[in-house]
Protein chains: 2
Amino acid sequence: MAFHKKEEFTQKEQDLAAFAKAMSHPARIAILKILAQRNECICGEIVDVLPLAQSTVSQHLKELKNAGLINGTVEGPRSCYCINWKAFEKFSSEFNILFNHLKVKNEKACC
Amino acid sequence: MAFHKKEEFTQKEQDLAAFAKAMSHPARIAILKILAQRNECICGEIVDVLPLAQSTVSQHLKELKNAGLINGTVEGPRSCYCINWKAFEKFSSEFNILFNHLKVKNEKACC
DNA sequence: ATTCCTCATCGTATATTTGCGATATAAGAT
DNA sequence: ATCTTATATCGCAAATATACGATGAGGAAT
C-alpha cells in the first residue's frame, strides 16, 4: 500500500479513525439502530426497511462486522447479526476520552 | 447524483454519518489533537508534525472545516484554525445519545 | 430430488477519497 | 518593486467506497 499513509499515525488514532469510518455512512447507522431495536436479532428485515438492494445491505453488514461493531453468525439459510456491545462501548468511551481530552485544554475558541 | 442514496436516510443519520466521516482518517484525528493542545491557535506547524505534504494537510483542514468541526480564518500569508467547540460538543452528545439509545434496549448479545 | 428462501459473494460501473507536485495568492520583509 | 513565506487551490494518479444485478451456496419445504 504505497499510497496510503495511515500506518504512520499512532495505533489509537488509527483505531478511532476505523471506528468512525464504520459509522460514516447513514445506512450503517440505520442498521445499528435496527439491530438494537430487535430483542432477537432476526435479521433480513433490514433489507425491507432500508432503501437498498440486498447485496448492498450485505456489504454494509460485512463492513460493520469487520470493524468489530457487530457479531454475525451464518446459519445456513438465515444469518443472525447483533451488536457487539463490548467493542461498541470500548470505542464509545474512547471517543469520549478524546472529546474530554480536547475539551480540557481549551474551552474558548479564538477564531 | 444518481448513484448515492445517502439522502434517503433521515437527517440525523446523515448528520451523524457526516460527523463520523470527518473523523474517519487518522490524520484528521491527529490534527484535532494538535489544535486542541495549543492554547492559541497559531497553526501551520501541523505540516511539520504530520507525515504528509503541505497540500494534503491543507486538504484535510478544509474537510474538517466543511464538516464544521473547526473554524478557520485565512489572513493572507498565515491562516488560523481552531476547534469549533460548539459543533464538536453537539455532535459528541448526539453520539452519546445514539450509544445510550442503543444500549437501553438490549444489553445481552444473542450471538 | 426439486423447488424455494435467505443470504453471501463476484463482477462491474461510477463516485469519492487520498496524496502529491506545481502553481497561484496574499501579505510582510527587503 | 521584488523576494520570501505561508497557505490554498488545481490537476492528476492511484486507491477505496458505494451500489447493483447475477450467480452461488446452503438448508427447508414439498
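As the structure is a computational prediction, the values presented were derived from the model and not from experiment.

## Considerations on the overall build of chain A
The secondary structure content of chain A amounts to five helices and two strands. Within chain A, the proportion of its 111 residues that are buried is 43%. Of the contacts made within chain A by residues no fewer than 6 positions apart, 45% connect residues no fewer than 24 positions apart. Approximately 6,100 Å² of chain A is accessible, and the part contributed by carbon and sulfur atoms is 53%.

## Details of the protein's contact with DNA strand D
Around DNA strand D sit 28 residues in total, of which Lys21(A), Lys5(B), Gln54(B), Ser58(B) and Tyr81(B) are the nearest. Sugar plus phosphate, as a fraction of atoms of DNA strand D within 4 Å of the protein: 67%. Within the side chain of Arg28(A), one N or O atom sits 3.2 Å away from a phosphate oxygen of DNA strand D. Side-chain polar atom of Ser79(B) to a sugar or linking oxygen of DNA strand D: 3.0 Å apart, as the coordinates give it. Counting residues per element, the ones that place at least two in the surface near DNA strand D are helix 4 (54-66) of chain A together with helix 4 (54-66) and strand 2 (78-83) of chain B. Top element by residues in the surface near DNA strand D is helix 4 of chain A. It accounts for five residues.

## A few points about the protein's contact with DNA strand C
Inspection of the region around DNA strand C gives 28 residues, with Lys5(A), Gln54(A), Ser58(A), Tyr81(A) and His60(B) positioned closest. Near the protein, within 4 Å, the atoms of DNA strand C are sugar or phosphate in 67% of cases. Within the side chain of Lys21(B), one N or O atom sits 2.9 Å away from a phosphate oxygen of DNA strand C. Broken down by secondary-structure element, the contributors of at least two residues to the surface near DNA strand C are helix 4 and strand 2 (78-83) of chain A together with helix 4 of chain B. Residue composition of the surface near DNA strand C, grouped by class: nine nonpolar, 13 polar and six charged.

## Thoughts on the side chain of Glu94(B)
All names here are of chain B. Looking at the element boundaries, Glu94 is found in helix 5 (residues 85-105). No salt bridge is formed by the buried Glu94. Its closest oppositely charged neighbour is Lys12, at 4.1 Å. Excluding anything up to four places from it in sequence, Glu94 contacts Lys12 and Leu16.

## Some words on the environment of Leu64(B)
Residue and element names in this part refer to chain B. You can see Leu64 is positioned in helix 4. Measuring from C-alpha to C-alpha, the distance between Leu64 and Phe19 comes to 9.2 Å, with 45 residues separating the pair along the chain. In this structure Leu64 touches Ala22, Arg28, Ile31, Leu32, Leu69 and Ile70, once residues within four positions along its chain are discounted.

## A short note on the packing of helix 1 (residues 11-22) of chain A against helix 2 (residues 26-37) of chain B
Close contact between helix 1 of chain A and helix 2 of chain B brings their axes to 8 Å; oriented N to C, the two are set at 115 degrees. For the pair helix 1 of chain A and helix 2 of chain B, the crossing hand works out as right-handed. For the pair helix 1 of chain A and helix 2 of chain B, contact is made by Glu13(A), Gln14(A), Leu16(A) and Ala17(A) and by Pro26(B), Ile29(B), Ala30(B) and Lys33(B), respectively. Grouping the amino acids of the contact of helix 1 of chain A with helix 2 of chain B by side-chain chemistry returns five nonpolar, one polar and two charged.

## Quick look at helix 4 of chain A
All names here are of chain A. Taking 1.5 Å of rise per residue, the 13 residues of helix 4 would be expected to cover 18 Å, and the 18 Å separating its terminal C-alpha atoms lies within 8% of that figure. Within helix 4, burial applies to Val57, His60, Leu61 and Leu64. The buried side chains of helix 4 occupy one side of the element, clustering within an arc of 100 degrees when seen end-on. Residues of helix 4 that are exposed and point more than 90 degrees away from the buried face comprise Gln59, Lys62 and Asn66. Taken together, the buried residues of helix 4 touch helix 1, helix 2 (26-37), helix 3 (45-49), strand 1 (70-75) and strand 2. Just beyond helix 4, the residue with positive phi is Gly68, at close to 85 degrees.

## Looking at the side chain of Arg28(A)
Residues and elements named next belong to chain A. Secondary-structure assignment places Arg28 in helix 2. According to the relative accessible area criterion, Arg28 is buried, its value standing at 7%. Apart from the residues lying within four places of it in its own chain, the contact partners of Arg28 are Lys21, Ala22, His60, Glu63 and Leu64.

What counts and how
Residues numbered from 1 in each chain as written. Chains lettered and ligands numbered in written order. Predicted model: local features only at pLDDT ≥ 70, side-chain atom pairs only at ≥ 80, totals over all residues. Heavy atoms only, no water. Helix = DSSP H or I, 4+ residues; strand = E, 2+ residues; numbered from the N terminus. Buried < 20%, exposed > 50% of the residue type's maximum accessible area, 1.4 Å probe, protein only. Contact = heavy atoms within 4.5 Å. Areas by Shrake-Rupley, 256 points an atom, 1.4 Å probe, with all protein chains shown as cover. Near = heavy atom within 4 Å. Polar contact = N/O pair within 3.5 Å; in protein donor to acceptor, adjacent residues only side chain to side chain. Nonpolar A, V, L, I, M, F, W, Y, C, P; charged D, E, K, R; others polar. Lys, Arg positive; Asp, Glu negative; His and termini not counted. Salt bridge = Lys/Arg side-chain N within 4 Å of Asp/Glu carboxyl O. Axes fitted to C-alpha atoms, helices over the stretch in contact; angles between N-to-C directions. Left-handed = near helix turned anticlockwise from the far one by under 90°. Expected span 1.5 Å × (residues − 1). Arc of directions from axis to C-beta.

All we've got here are geometric facts, nothing functional implied.
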